[in-house]
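Residues per chain are reported as follows:
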Amino acid sequence: MNLVDRFLQYVKFDTQSDELTNLWPSTPGQMVFAQHLEGELADLGLEDIYLDDNGYLMATLPANTDKPVPTIGFIAHLDTSPDMSGRHVSPRIIENYPGGDIVLNKEKNIILSPREFPELDHYKGQALIVTDGNTLLGADDKAGIAEIISAIDYLKKHPEIKHGKIRIAFNPDEEIGQGAHKFDVERFGCDWAYTMDGGEIGELEYENFNAASAKITFTGRNVHPGYAKHKLINSIRIANQFMAMLPRWETPEHTEGYEGFYHLVSIEGSVEKTSITYIIRDHDRDRFERRKKELEHLVRKVNNEFPNCAEIEIKDQYYNMREKIEPVKYIVDIAEQAMRNVDVTPHVVPIRGGTDGAQLSFKGLPCPNIFAGGLNFHGRYEFVPIRSMEKAMEVIVEIVRIVASR
């Protein structure tokens, strides 16, 4: 089975994660997919295949050289985003994309157009895999899984490429921030690893947001509005007052690159009680800490006007892996050189989000992130150029070769 056939098979598995189930993995489809992959890895002749009860699958391609070579790993995640259905995915290949609009679903008038998605113009003349407009595609991260397994298959068939011990792992629930929580770094046993979970061809990432969530609860007092003067305290209005205190331009829709933000993700309330939830993001650790302190400061301001009205709960989620990667920056340099060796121009960018690699880096496994090739993740307009997947697979093989040669 080749790379494209693997990918087209994998996206048929419904593996949406769900943070509300309190299960591990969060949905049964992820375990079904992991079991399928377990069988495929066995058929390929890999060793030390291990699938635990939480849906973490690991396997080994043994070294084919007596030379001392570091053990490296490649990781991808089983789940797809809860943002859109991943059930009954029906992919379609557009051969030799000529440019212009792609009708994903004629009946529903769903069109993938370069007017809204100008990145399409970069892929004229290439074969693209697209959705039917009813689901996401699942290139995040089934493209990564297909690329890793196809690279391992290639290495087995080409023993002239000398390599050390290679470990691979597929984990559940990355999309809900839990992918690394029960990842057994000691069992994985690598000097370092790479997640194949980036986007467009050439992306190479070793920086990500520092991240926290903040829930602010406002308690009011309800009184008949006709007799409410100096008595009623409307928690909805106070919450609105609080939200207006935050910088207007420090939101996701107004920021890019290394710019951080406060992002209001939910609001639920009545006169007596209103809760709002923010996520806080910044690449710089000091600015990140200041953002959390600013929210606490604004809560104190509200409480000065409305005593004991507001309370805040802040939870750190993950940190910028740069501080763990920089001491071993050569692992990024290896990936960058591998890309150049296979005619891919590296594009080193900060991740405006999180990655399993960040949490794994803080667990002792340095883990930069490499492109898997897909674009427009988490929605019906997701697509992946086949050439980008092929190049990602080549990058894996070339990393393995470089590490052994050094």
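This text goes with the structure placed above it.
Residues numbered from 1 in each chain as written. Predicted model: local features only at pLDDT ≥ 70, side-chain atom pairs only at ≥ 80, totals over all residues. Heavy atoms only, no water.

Draft legend 1. View of the overall build of the protein. The helix and strand inventory of the protein stands at ten helices and 17 strands. Since a compact globule built from 406 residues should have a radius of gyration of about 22 Å, the 24 Å found for the protein is in line with a globular shape. Across its three principal axes, the protein shows a C-alpha extent of roughly 85 × 50 × 40 Å. When the 406 residues of the protein are sorted by exposure, 54% land in the buried category. Within the protein, contacts between residues at least 6 apart in sequence are counted, and of these 79% link residues at least 24 apart. Counting 45 positive and 63 negative side-chain charges, the protein places the averaged centre of each group 5 Å from the other. (Helix = DSSP H or I, 4+ residues; strand = E, 2+ residues; numbered from the N terminus. Rg over C-alpha atoms; globule rule 2.2 N^0.38 Å. Buried < 20%, exposed > 50% of the residue type's maximum accessible area, 1.4 Å probe, protein only. Contact = heavy atoms within 4.5 Å. Lys, Arg positive; Asp, Glu negative; His and termini not counted. Charge placed at Lys NZ, Arg CZ, Asp CG, Glu CD.)

Draft legend 2. Just the packing of helix α5 (residues 235–245) against helix α6 (residues 285–305), in detail. Between α5 and α6, the shortest axis-to-axis distance is 10 Å and the interhelical angle comes to 140°. The angle between the axes of α5 and α6 places the two elements in the oblique class. Crossing geometry of α5 relative to α6 is assigned as right-handed. Here α5 contributes Ile238, Gln241, Phe242 and Met245 to the contact with α6, which in turn contributes Leu295, Leu298, Val299, Val302 and Glu305. Split by residue class, the contact of α5 with α6 holds seven nonpolar, one polar and one charged. (Axes fitted to C-alpha atoms, helices over the stretch in contact; angles between N-to-C directions. Parallel < 35°, antiparallel > 145°, perpendicular 65-115°, else oblique. Left-handed = near helix turned anticlockwise from the far one by under 90°. Nonpolar A, V, L, I, M, F, W, Y, C, P; charged D, E, K, R; others polar.)

Draft legend 3. Local environment of the side chain of threonine 15. Summarising the element assignment, threonine 15 is placed in the loop between α1 (3–10) and α2 (28–43). Accessibility expressed as a relative area gives 0% for threonine 15, which makes it buried. Among residues more than four places away in sequence, those in contact with threonine 15 are Thr27, Gly29, Gln30, Phe33, Leu78, Asp79, Thr80 and Lys142.

Draft legend 4. Spotlight on the layout of surface pockets. Here the largest pocket defines a volume of roughly 1,500 Å³. As for the largest pocket, its lining consists of 40 residues, of which Glu175, Tyr318, Gly353, Gly354 and His378 are closest to the centre. Counting only elements with at least two residues in the lining of the largest pocket, the list comes to β9 (192–198), β10 (203–205), β12 (261–269), β13 (273–282), β14 (310–318) and α9 (356–362). A per-element tally of the lining of the largest pocket places β12 first, with three residues. For the lining of the largest pocket, the residue count by class is twelve nonpolar, 16 polar and twelve charged. The computed volume of the second largest pocket comes to approximately 320 Å³. Surrounding the second largest pocket, 13 residues form its lining, Ser213, Ala214, Lys215, Ser266 and Thr277 being those nearest its centre. (1 Å grid on protein atoms, 1.4 Å probe; cavity = no way out; pocket = protein on both sides within 12 Å on 5 of 7 lines; lining within 4 Å. Points joined across faces, edges and corners; volume = space filled by probe spheres on them.)

Draft legend 5. Up close: the sheet that holds strand β1 (residues 47–51). What the eight strands build is an open sheet, ordered β1-β2-β8-β3-β9-β16-β10-β15; its pairing is mixed. Two strands in the sheet have a free side with no partner beyond their single neighbour: β1 and β15 (347–348). As defined by bridge partners, β10 adjoins β15 across two bridges and the pair is classed as parallel. Looking at the pairing, leucine 204 lines up with valine 348 of β15. Helix α8 (residues 330–341) rests against β9, β10, β15 and β16 (369–371) of the sheet, and its axis sits at about 55° to β9. (Pairing = 2+ DSSP bridges.)

Draft legend 6. The side chain of threonine 131, seen in detail. Topologically, threonine 131 is positioned in the loop between β7 (128–130) and α3 (139–157). A distance of 2.9 Å separates the side chain of threonine 131 from the backbone nitrogen of glycine 133, its partner in a polar contact. One polar contact links the side chain of threonine 131 to the main-chain carbonyl oxygen of arginine 380, over a distance of 2.6 Å. In contact with threonine 131, not counting residues within four places along its chain, are Ser90, Leu104, Leu136, Leu137, Arg380 and Glu382. (Polar contact = N/O pair within 3.5 Å; in protein donor to acceptor, adjacent residues only side chain to side chain.)

Draft legend 7. Local environment of the packing of α1 against α3. Their axes nearest at 9 Å, the elements α1 and α3 cross at an angle of 140°. Between α1 and α3, the interaxial angle falls into the category oblique. The handedness of the crossing between α1 and α3 comes out as right-handed. Along its contact with α1, which presents Leu3, Arg6, Phe7 and Tyr10, the element α3 presents Ala139, Lys142, Ala143, Ile145, Ala146, Glu147, Ile149, Ser150 and Asp153.

Draft legend 8. Local environment of the sheet that holds β7. Taken together, the three strands give an open sheet; going across it, the order is β4-β7-β17, and neighbouring strands pair in antiparallel fashion. Across the chains shown, the open sheet's two edge strands, defined by having one partner strand only, are β4 (92–94) and β17 (383–385). Averaged over all adjacent pairs, the angle separating strand axes in this sheet is 25°, with direction ignored. Of the strand pairs in this sheet, β4 and β7 are connected by three bridges, and their pairing is antiparallel. Bridge pairing in β7 places isoleucine 94 opposite leucine 128. Together, β4, β7 and β17 form the strand contacts of α1, whose direction differs from that of β7 by roughly 10°. Sheet strands in contact with helix α10 (residues 386–405) are β4, β7 and β17, and its direction is about 65° off that of β17.

Draft legend 9. Representation of the packing of aromatic side chains within the structure. Within this structure, the stated rule accounts for twelve aromatic pairs. When the centroid spacing of 5.4 Å and the interplanar angle of 85° are considered together, the rings of phenylalanine 209 and phenylalanine 261 count as edge-to-face. Within this pair, whereas phenylalanine 209 is found in the loop between β10 and β11 (210–219), its partner phenylalanine 261 is found in strand β12, the two being separated by 52 residues in sequence. In this structure phenylalanine 209 comes out as buried when scored by relative accessible area, which is 1%. Residue classification places phenylalanine 261 among the buried residues on the basis of a relative accessible area of 8%. Chaining the aromatic ring pairs together yields one cluster made of Tyr10, Phe13 and Phe33. The ring centre of phenylalanine 33 lies 5.4 Å from the NZ or CZ of lysine 142, which sits over that ring. The ring of tryptophan 24 carries the charged tip of lysine 182 above its face, separated from the ring centre by 4.3 Å. (Phe/Tyr/Trp six-rings, centres within 6.5 Å; stacked < 30°, edge-to-face > 60°. Lys NZ or Arg CZ within 6 Å of the ring centre and 35° of its normal.)

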